[in-house]
Amino acid sequence: MELFYVLGLPLLTAFLSLLPAKNRNFPAALTILDALLVLAASWLVVLKVSGGAPIIAVKDWLECDAFGGLLLLLVSFVGFTAAIFSWGYTKNIVEPNGAERVRRYYWRYNLFLASMLAVPILAQLTLVWMAVELTTLLSVFLVSFPNTPEAIEAAWKYAVLTCMGAALALFGILMLYWGVAATGGDAFTWTTLLNATPNMPPILVETAFLFILVGFGTKAGLVPLHTWLPDAHSQAPSAICALLSGVETSTALYCLIRMVPCAQGAPGAAPEKWILAFGLATCACAALLLIQVREYKRLLAFSTIEHMGIILVAVGLGGSASYFGAAYQMMSHSFAKSFCFLAAGAVLRITGTRDIGSIRGLIHESPFVGTALLVGAFAISGAPPFAVFLSELNILRAGISSAQYVATGLLVVFIVIAFCGITFHLSRMVFGEPVAKLKRARPPLSYVFSIVLAGIPMALFGLYMPNSLMELLRLASHALGR
Amino acid sequence: MGNKILLNVIQVIVVMAFSPLVKGVLNRLKERIQSKRGPSIFQPYYDIWKLFHKDEIVSDYSSWIFRVTPYVVFVTPIFVALLIPVLTSYPLFFAFMADMLGGGFILALGGFFATLAAIDTANPYGPMGASRTRMVGFLAEPVFMIVFFTVSFVAGSTIPYIVQKHWVTPIANFFEPAHVLVMIAFVMLIIAETGSIPVDSPSGHFELAMVDESKGLEYSGRGAALVKWGGCMKVFVLFCIFLNVLVSPWGLAQGDHIGEVLLAVPLILLKMFIFILILVIIESSLAKLRLFRIPEFLGAAFVAAVAAVMTRLLEF
Amino acid sequence: MPDMWTSNLLLHELSALVAGLFLLTAFGLIATRQVLACLRTFVLQSLFLALSAFVLGYLNASASLLAVGAITVVVKIVLIPWLLLKTLGDELRARREISQVLNIPTSLLIALAIVVFSYFVSVRILAVAPKGASAMNLPIGMAGLLLGAYAMTVRREAVPQIIAILSMENGAFFAGIAIAPHLPLIAELSGAFDVLIITRVMGVLVMKVHERVGTTAVGDLVTLREE
């Protein structure tokens, strides 16, 4: 039942936001309320699935298991905090251009949120593909929302590259359907696929998996098809960046790593080596490119690519400990990255520039924003006591205990490089002598509120994890391996 | 056996006699489509007759190549006409001399001599046109080879008489993708080799834009007549190969009787006429390609031919 | 020969012929310069896709394939060109692509290499799963997919890039109709829907690019870099 709410509420809000209302804050308030309700519904879903059994709303169409529940929770939480942030964004930046623009923003925002929520709860694979494609198409205009030439260029590259990836993934999915139909499956769902792959010819499974890896990998930001990601994730409005980096890449990665146990089922097919190779290459490129960025939002975008690589490496290492680490990393990354982008949005608001070099001494001029940025930097680069540190430690421990020293060693190197890069750049912005006068001293209240809200789980889950969440992560990791 | 030699001779006479007619019909139709009146369809005959009765002027600076070329250009299509199915569906007496590849080489020999002779004259436009023809030629040769390769791969032989049977029995083979793609590639080749639009303008007078025509500018009198006639026969022979081997291998004489063979003559002319109609429509609806785009045109022909091979391989 | 057999053979050959012509249109997308000619080539490719769907639907007695053909005709042959022309209009008619990243003959050679590659991959797959007349659709569909991806990377103009992406979906479905004769309608409907939304979204985006950046040669947009 909750699944219907999860899907239906954002759609309803999208349509309602289009109505011209007396009160100019109507669409924003409605969106925040809707996001809160969706978050509540997702929490209910999570509580149910951490009991062990998946929720089945409509058999073979709307189902949700533990891994899907995890993703649902992440999407709804980030959607909530980003909605609060958007209040301030639309009030201060968009509204001067007309209430029509505000309505359009929320119309697209809600549709985008609905499409991301749909990915984990749809069971038919072709519909999942459609939902992933929709997450792109519905967010294109959100990326180009600032209407600057750079934003439009970023939106174009985003649209073109991810649509190309989606077409490649479609081919892989059609090949898998062929295999499933040949072995007598009826509906084309995740569970049917999982049961059917042992009977499918391995060459078919491997080829289909490779197409899906490249296709969905484009969407998740894997090297070498990541070129759209720094542009799109830096030019979009910050609330949208939080959504894109925090959860949209995770939804694409979710589809990809859900495919891994299906591919492992075919005798002789070894998708782990591909995943490990792509994951390590992604980490390497991201870590090295991170060092020489000029804008802080691009820095955070490259960090997203890095974390996607880390999750893939974790899945590629194999073993239940490492799958647990992958699920944990997904969760901690979403929380930390959305926090970082909201903080970056606040920085942009008060300084007016995207350039790292021209911002100094934030902590003196605006303590709240400076602290937030510093905390975010440490959180996302994997410093203790934040959750990202624990999840990375889990992955590394699992890698060492499964005796894959080379991969684990390389991963450590790349994580360290990224850590140095992020903390160096961002702490240079935070400390030092203030260089330029700020445009305004304090960010809007809604920014403050959303940053604090986003920071709570990020800070909390490094120290203490509620049992239900621990159970959820454990069950989710079961979906990752056979 | 005597009959076969006779039939072979009749075949050659048909080629020699009717090729200017084909050229004349082509020119007239092109003019008609442009709402002009056009020359008489027998105009090429009048031109050749006139040229045979004129004096020949040969430059002092040219060598034996220039003197020999008109004869080579005249004789090579006749050689090829001995090998290909023009009137009969079974090989005639001299058909053992070469298969399709050999025929292609012999035609290329004529073109080669014409190009050399154009450079030989020291006329400025000669080498210019010669180099352009060579560019078109060197891009067209691989396509020729691939077309022949595909055709022989599909039909199992390089002898045109055997190949032609493959496409008609059963009729479903006509729609084979290899067949259709090879037809498309060959049409583009014919356009390139006979100097039609979009590769070249056969009726243009502007020497700077000429590709093929400039090779014949220096000849006069008997030489010019032979070059002109040889050009007509080359076109006729290419059309014959295309129509009788690839497209419509019907209407050829099955038996030995001379009456049957003579009956095949109007049939081949009819097939030619229909093909000329299609060619004229193509020519009149396209513009001449700029020189640097001719490789693209021939690249497309190459790709079509290779796609034909690919689809043939994929069908196994 | 009994009529049934010859007509089946004829249909098999027709299906193979349509596959060959589909491949030719995929090459055509790389080689055409004018944007309007690109659009026409895409329409031709969709027509061949629909024809193949009809022939295979008749041969396999599958109603869903006939529906696939009908949907393709409606969406890709009628709606998409109408949508593109409506959104982009005069832009489309006037545009002529001056240069690509590689020149056309080189691109055609690379395209041939791509076809050879997809042939080798498909042959290994087809060896384990025998099929009858439609054995050609898988390699040619895969080739169409990869050629569309290649065309997208090589083109500089916006609209040919959009058309290249749409042709990738054509290629994926061309392979799909042969390997999954009873594809549920949901797949085709979502594909058609997706294609429509892509066209609409990217058409509007092209107009925005043209307004703000001043040109639709999107391959030349390189302001966002690490320098």
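All figures in this text were calculated on a predicted structure; none of them were measured in a lab.

Trainee: Where do I start with the overall build of chain B in this structure?
Mentor: Across its full length, chain B holds 10 helices and zero strands. In chain B, the succession of α and β elements from N to C terminus is α-α-α-α-α-α-α-α-α-α. The C-alpha radius of gyration computed for chain B amounts to 19 Å, which stays within 12% of the reference 20 Å derived for 316 residues, consistent with globular compactness. Once the C-alpha set of chain B is aligned to its principal axes, its extents read approximately 55 × 45 × 40 Å. Across chain B, every contact between residues at least 6 apart in sequence was considered, and the portion connecting residues at least 24 apart equals 80%. Mean positive and mean negative side-chain charge positions of chain B (22 and 20 charges, respectively) differ by 5 Å.

Trainee: What should I look at first to understand the overall build of chain C in this one?
Mentor: Per the secondary structure count, chain C includes eight helices and zero strands. Beginning at the N terminus, the succession of helices and strands in chain C can be written as α-α-α-α-α-α-α-α. Sorting the 227 residues of chain C into buried and exposed places 61% on the buried side. Accessible surface computed for chain C: about 8,400 Å², of which carbon and sulfur atoms make up 67%.

Trainee: Looking at this structure, how should I read the interface of chain C and chain A?
Mentor: You'll often see interface size given as the accessible area lost when the parts meet. Counting residues at the interface gives 51 residues for chain C, matched by 46 residues for chain A. Across the chain C to chain A interface the summed buried area is about 4,300 Å²; carbon plus sulfur atoms make up 78%. Our count for the contact surface shared by chain C and chain A stands at zero salt bridges. When contributions to the side of chain C that touches chain A are tallied by element, the ones reaching two or more residues are α5 (104-128), α6 (137-154), α7 (158-179) and α8 (185-213) of chain C.

Trainee: Before we go on, may I ask you to explain helix α5 (residues 125-143) of chain A in this structure?
Mentor: Note that an α-helix has 3.6 residues per turn; residues three or four places apart therefore point the same way. With 19 residues, α5(A) should reach 27 Å at 1.5 Å per residue; the first-to-last C-alpha distance of 27 Å fits that figure. The buried fraction of α5(A) is high, at 18 of 19 residues.

Trainee: I would appreciate a short explanation of the interface of chain C and chain B in the present structure.
Mentor: In this assembly, 24 residues from chain C lie in contact with 25 residues from chain B. A buried area of about 2,000 Å², summed over both sides, lies between chain C and chain B, and 82% of it is on carbon and sulfur atoms. The tally of links from chain C across to chain B stands at one salt bridge. Measuring nitrogen to oxygen at the nearest pair gives 2.7 Å for the salt bridge that ties C:Arg33 to B:Glu296. Taken together, the connections running from chain C to chain B amount to one residue pair in polar contact (both at pLDDT 80 or more). Contributing elements (two or more residues each) for the side of chain C that touches chain B: α1 (3-31), α5 and α6 of chain C. Per-element tally for the side of chain C that touches chain B: the top contributor is α1(C), with 11 residues.

Trainee: What am I meant to see in the state of the cysteines here?
Mentor: Two cysteines, two sulfur atoms, one covalent bond between them: this is a disulfide. One pass over the full model with this rule turns up zero disulfides over all chains. For the unlinked cysteine A:Cys163, the closest cysteine sulfur is that of A:Cys255, found at 15 Å. Summary of cysteine pairing: C:Cys38 is not part of a disulfide, and the nearest cysteine sulfur, belonging to A:Cys163, is at 17 Å. A residue is classified by how much of its surface remains accessible, and C:Cys38, at 1% relative accessible area, is buried.

Trainee: Just to check I follow, could you spell out a nonpolar patch on the surface for this structure?
Mentor: Residues and elements named next belong to chain B. A contiguous nonpolar surface patch, about 690 Å² in accessible area, is contributed by Ile33, Leu267, Leu270, Phe273, Ile274, Leu277, Ile278 and Ile281. The biggest single contributor to the nonpolar patch is helix α9 (residues 258-285), with seven residues. Summarising the element assignment, isoleucine 274 is placed in helix α9. The class for isoleucine 274 is partly exposed, based on a relative accessible area of 47%.

Trainee: Please explain the nonpolar core as it appears in this structure.
Mentor: Here is a general trend for soluble globular proteins: nonpolar side chains tend to be buried in one another's company. By size, the foremost hydrophobic cluster in this structure holds 376 residues, and its most contacted members are B:Phe242, C:Phe27 and C:Met202. Among the elements that take part in this core, helix α6 (residues 149-182) of chain A stands out by supplying 23 residues, more than any other. The residues that make up this core include at least three from each of domain 1 (1-122) and domain 2 (270-482) of chain A.

Trainee: How should I be thinking about the pairing of strand β1 (residues 55-58) of chain A in this particular structure?
Mentor: Residues and elements named next belong to chain A. With three bridges joining them, β1 and strand β2 (residues 62-64) adopt antiparallel strand pairing. Of the residues in β2, the one forming a bridge with isoleucine 55 is cysteine 64. Between β1 and β2, which follow one another and run antiparallel, lie three residues, and aspartate 60 among them has a positive phi close to 70°.

Trainee: Teacher, can you tell me more about the pattern of salt bridges here?
Mentor: Opposite charge on two side chains permits them to pair, given that their charged atoms come into close proximity. Counted by the stated rule, this structure contains 13 salt bridges over all chains. One salt bridge in this structure joins A:Arg298 and A:Asp231, with 2.7 Å as the shortest N-O distance. Pair noted here: A:Arg298 is in helix α12 (residues 296-317) and A:Asp231 is in helix α9 (residues 228-235), with a separation of 67 residues, a long-range link. On the accessibility criterion, A:Asp231 (1% relative accessible area) is buried. B:Arg293 is the salt-bridge partner of B:Glu296, the closest N and O atoms lying 3.3 Å from each other. Grouping residues by exposure puts B:Glu296 and B:Arg293 together as buried.

Trainee: Sorry if this is basic, but what is going on with helix α8 (residues 202-220) of chain A here?
Mentor: For α8(A), with 19 residues, the first-to-last C-alpha span of 25 Å sits near the 27 Å given by 1.5 Å per residue. Here α8(A) lies mainly inside the structure; 15 of its 19 residues are buried.

Trainee: Whenever I open this one, the packing of helix α2 (residues 26-49) of chain A against helix α4 (residues 99-121) of chain A confuses me. Can you help?
Mentor: Helix-helix packing is characterised by the crossing angle of the two axes and by the distance between the axes. Residue and element names in this part refer to chain A. Here α2 crosses α4 at 15°, and the two axes come no closer than 10 Å. Judged by the inter-axis angle, α2 sits roughly parallel to α4. Pair α2 / α4 crosses with left-handed handedness. Contacts between α2 and α4 pair Pro27, Ala28, Thr31, Asp34 and Val38 from the former with Arg103, Tyr106, Tyr109, Asn110 and Leu117 from the latter. Of the residues in the contact of α2 with α4, the class split is six nonpolar, two polar and two charged.

Trainee: Mind showing me how you'd approach the packing of aromatic side chains here?
Mentor: The geometry of two aromatic rings is summed up by the distance between their centres and the angle between their planes. If you walk through the whole model with that rule in mind, you get 26 aromatic pairs over all chains. Consider the rings of C:Tyr119 and C:Phe120, whose centres lie 5.4 Å apart with planes at 50°: the pair is tilted. C:Tyr119 gets classed as buried once you look at its relative accessible area, which sits at 17%. A network of ring pairs unites the aromatic residues B:Phe144, B:Phe148, B:Phe186, B:Phe239, B:Phe242 and B:Phe275 as a single cluster. Stacked on the ring of A:Trp190, the Lys or Arg A:Arg258 has its end atom at 5.3 Å from the ring centre.

Trainee: What is the right way to look at the arrangement of the chains in this model?
Mentor: In this assembly, two pairs of chains are in contact, and the pair with the greatest number of contacts comprises chains A and C. For the non-touching pair chain A and chain B, the nearest C-alpha separation works out to 18 Å.

Trainee: Hey, could you run me through the packing of helix α13 (residues 320-351) of chain A against helix α16 (residues 387-401) of chain A in this one?
Mentor: All names here are of chain A. One way to put it is that α13 packs onto α16 with a least axis distance of 8 Å and a crossing angle of 160°. Looking at the two axes, α13 sits roughly antiparallel to α16. As for the relative orientation of α13 and α16, their crossing is left-handed in sense. Residues Ala321, Ser322, Phe324, Gly325, Ala326, Tyr328, Gln329, Ser332, His333 and Ala336 of α13 form the contact with α16, whose own contacting residues are Ala387, Val388, Leu390, Ser391, Glu392, Asn394, Ile395 and Ala398.

Trainee: Just checking my understanding: could you explain the UniProt feature "transmembrane region" (unreviewed entry) in chain C for this structure?
Mentor: Residues and elements named next belong to chain C. This chain's UniProt record puts "transmembrane region" (unreviewed entry) on residues 12-30, 42-59, 65-85, 106-127, 133-151, 163-183 and 189-207. Within the segment residues 12-30, helix and strand shares are 100% and 0% respectively, and the terminal C-alpha atoms sit 28 Å apart. Here residues 106-127 runs as 100% helix and 0% strand, with 32 Å between its end C-alpha atoms.

Trainee: How should I be thinking about the confidence of the model for chain C in this particular structure?
Mentor: Detail in the predicted coordinates should be disregarded across regions flagged by low pLDDT. Residues and elements named next belong to chain C. For chain C, per-residue confidence averages 82 on the pLDDT scale, and 86% of positions sit at 70 or higher. The weakest mean pLDDT in chain C belongs to helix α4 (residues 90-94) at 69; the strongest belongs to α6 at 91. In this model, residues 1-5 is a region of pLDDT below 50 whose contacts with residues beyond four sequence positions or in other chains number one contact. We note a pTM of 0.86 for the whole complex and an ipTM of 0.91 for its interfaces.

Trainee: Explanation requested: unusual backbone geometry in the structure shown.
Mentor: Both trends apply: most residues other than glycine have a negative phi, and most peptide bonds are in trans. With omega at 5°, the peptide bond leading from A:Val223 into A:Pro224 counts as cis. Assignment of secondary structure puts A:Pro224 in the loop between α8 and α9. At A:Asn147, a position not held by glycine, the phi torsion is positive, near 65°. Tracing the chain through its elements places A:Asn147 in the loop between α5 and α6. A relative accessible area of 23% means that A:Asn147 is categorised as partly exposed. Residue B:Ser35 is not a glycine yet carries a positive backbone phi of 65°. Following the sequence through the fold, B:Ser35 ends up in the loop between α1 (2-33) and α2 (43-52). Take B:Ser35: its relative accessible area is 69%, and that puts it in the exposed class.

So, how was this worked out
Residues numbered from 1 in each chain as written. Chains lettered and ligands numbered in written order. Predicted model: local features only at pLDDT ≥ 70, side-chain atom pairs only at ≥ 80, totals over all residues. Heavy atoms only, no water. Helix = DSSP H or I, 4+ residues; strand = E, 2+ residues; numbered from the N terminus. Rg over C-alpha atoms; globule rule 2.2 N^0.38 Å. Contact = heavy atoms within 4.5 Å. Lys, Arg positive; Asp, Glu negative; His and termini not counted. Charge placed at Lys NZ, Arg CZ, Asp CG, Glu CD. Buried < 20%, exposed > 50% of the residue type's maximum accessible area, 1.4 Å probe, protein only. Areas by Shrake-Rupley, 256 points an atom, 1.4 Å probe, with all protein chains shown as cover. Buried area = accessible area lost by both parts, 1.4 Å probe. Salt bridge = Lys/Arg side-chain N within 4 Å of Asp/Glu carboxyl O. Expected span 1.5 Å × (residues − 1). Polar contact = N/O pair within 3.5 Å; in protein donor to acceptor, adjacent residues only side chain to side chain. Disulfide = S-S within 2.5 Å. Patch = residues over 30% accessible without salt bridge, like charges linked within 9 Å, V, L, I, M, F, W, Y side chains within 5 Å. Core = buried A, V, L, I, M, F, W, Y, C linked by side-chain atoms within 4.5 Å. Domains from an automatic or database assignment. Pairing = 2+ DSSP bridges. Axes fitted to C-alpha atoms, helices over the stretch in contact; angles between N-to-C directions. Parallel < 35°, antiparallel > 145°, perpendicular 65-115°, else oblique. Left-handed = near helix turned anticlockwise from the far one by under 90°. Nonpolar A, V, L, I, M, F, W, Y, C, P; charged D, E, K, R; others polar. Phe/Tyr/Trp six-rings, centres within 6.5 Å; stacked < 30°, edge-to-face > 60°. Lys NZ or Arg CZ within 6 Å of the ring centre and 35° of its normal. UniProt positions renumbered as here; feature names shortened; annotations may be inferred. pLDDT = per-residue confidence, 0-100.

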